[in-house]
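A closer look at the structure
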Amino acid sequence: THRKKTGGTYKRKFVEAWVEYKDRSIAKRVAMMLNATPVGGKRRNRFYHDLWNLKYLPKMKWHQLFENESYDRRVRKARLEQRMTQARRENSFYLENVHKAKTHQKIKERKAKKAELSDGGQVQIKESKANKGEFSYKGGVGGNRRLPRPTHWSSSVSDEPPEISDRILAKLF
């Protein structure tokens with residue numbers, strides 16, 4: 001695209017080519033005759049100043065010629081596949097770490113919320129004459145609530161220690 005913007009063209013530039021002749025002697029003569037000569041044509045032709053670079057390749061077969069290209073193609077394809085596999089592996093690793101981070105964040109949020117509830121919402125036993133037998137819960141979510149006293153607690157709870165009978169004292173001394 002840069003060449004086109006600056007006034008160039010999209011025409012192909014040929015770099016390599018191979019020619020096959022039936023007769024070996026003709027192939028040698030053409031290679032010697034055209035090597036290092038201008039391609040020619042009219043002066044406005046874009047290949048006018050280019051030079052032929054021909055070389056006779058003895059005992060060269062077509063399958064040998066394309067063998068190297070097919071090998072290069074296979075190597076390029078294998079490298080591309082390896083890069084794609086590595087990119088997939090990195091992507092899955094990243095997504096897995098993102099998922100782990102999200103779950104850890106949610107766990108931390110839940111723990112913080114739980115800690116906030118347990119710190120701010122401690123159960124406090126308040127006994128007064130008005131609400132005897134109940135204790136209040138100051139919590140974050142539910143607010144101030146009065147919870148009924150469990151049934152296994154006795155109704156005659158006092159702040160004084162229980163009296164010890166004379167019979168128990170006599171056994172001790």
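One numbering rule holds for all chains: residues counted from 1, following each sequence as written. Since the coordinates come from a predicted model, pLDDT governs what is reported: local features require at least 70, and pairs of side-chain atoms require 80 or more to be given and counted, while whole-chain, interface and lining totals use all residues. Each side-chain value is derived from all of the structure's non-hydrogen atoms; neither hydrogens nor water enter the calculation.

1. What to know about the pattern of salt bridges
Each reported salt bridge corresponds to a side-chain nitrogen of Lys or Arg within 4 Å of a carboxyl oxygen of Asp or Glu. Counted under the stated rule, the structure contains 1 salt bridge. The shortest N-O distance in the salt bridge between E96 and K100 comes to 3.7 Å. Of this pair, E96 and K100 both sit in helix α3 (residues 62-120), 4 residues apart, which is roughly one turn of the helix. Only protein chains enter the calculation, and the probe is 1.4 Å; a residue is then buried if its accessible area is under 20% of its type maximum, exposed if over 50%, and partly exposed in between. Given the relative accessible area of 44%, E96 is considered partly exposed. Where helices and strands are cited, they refer to DSSP runs of H or I of at least four residues and of E of at least two residues respectively, numbered from the N terminus.

2. Thoughts on a positive patch on the surface
On the surface, a cluster of positive charge is contributed by K102, K106, R110 and K114. Its relative accessible area of 55% is what places K102 among the exposed residues. Residues enter patches when their relative accessible area tops 30% and they take part in no salt bridge; the joining distance is 9 Å for like charges and 5 Å for the nonpolar side chains Val, Leu, Ile, Met, Phe, Trp and Tyr. Computed with a 1.4 Å probe, the accessible areas rest on the Shrake-Rupley method; for each residue, only the protein chains presented here act as cover. His residues and chain termini do not enter the charge count, which takes Lys and Arg as positive and Asp and Glu as negative. Charge positions come from single atoms, namely NZ of Lys, CZ of Arg, CG of Asp or CD of Glu.

3. Considerations on helix α2 (residues 24-34)
Among the residues of α2, those classed as buried are A27, V30 and A31. Buried residues of α2, seen end-on, are gathered within an arc of 100 degrees and therefore sit on one face of the element. In α2, the exposed positions that point more than 90 degrees away from the buried face belong to R29, M32 and M33. Within two residues after α2, A36 carries a phi angle of roughly 65 degrees, on the positive side. Arc definition: it is the arc formed by the directions from the helix axis to the C-beta atoms.

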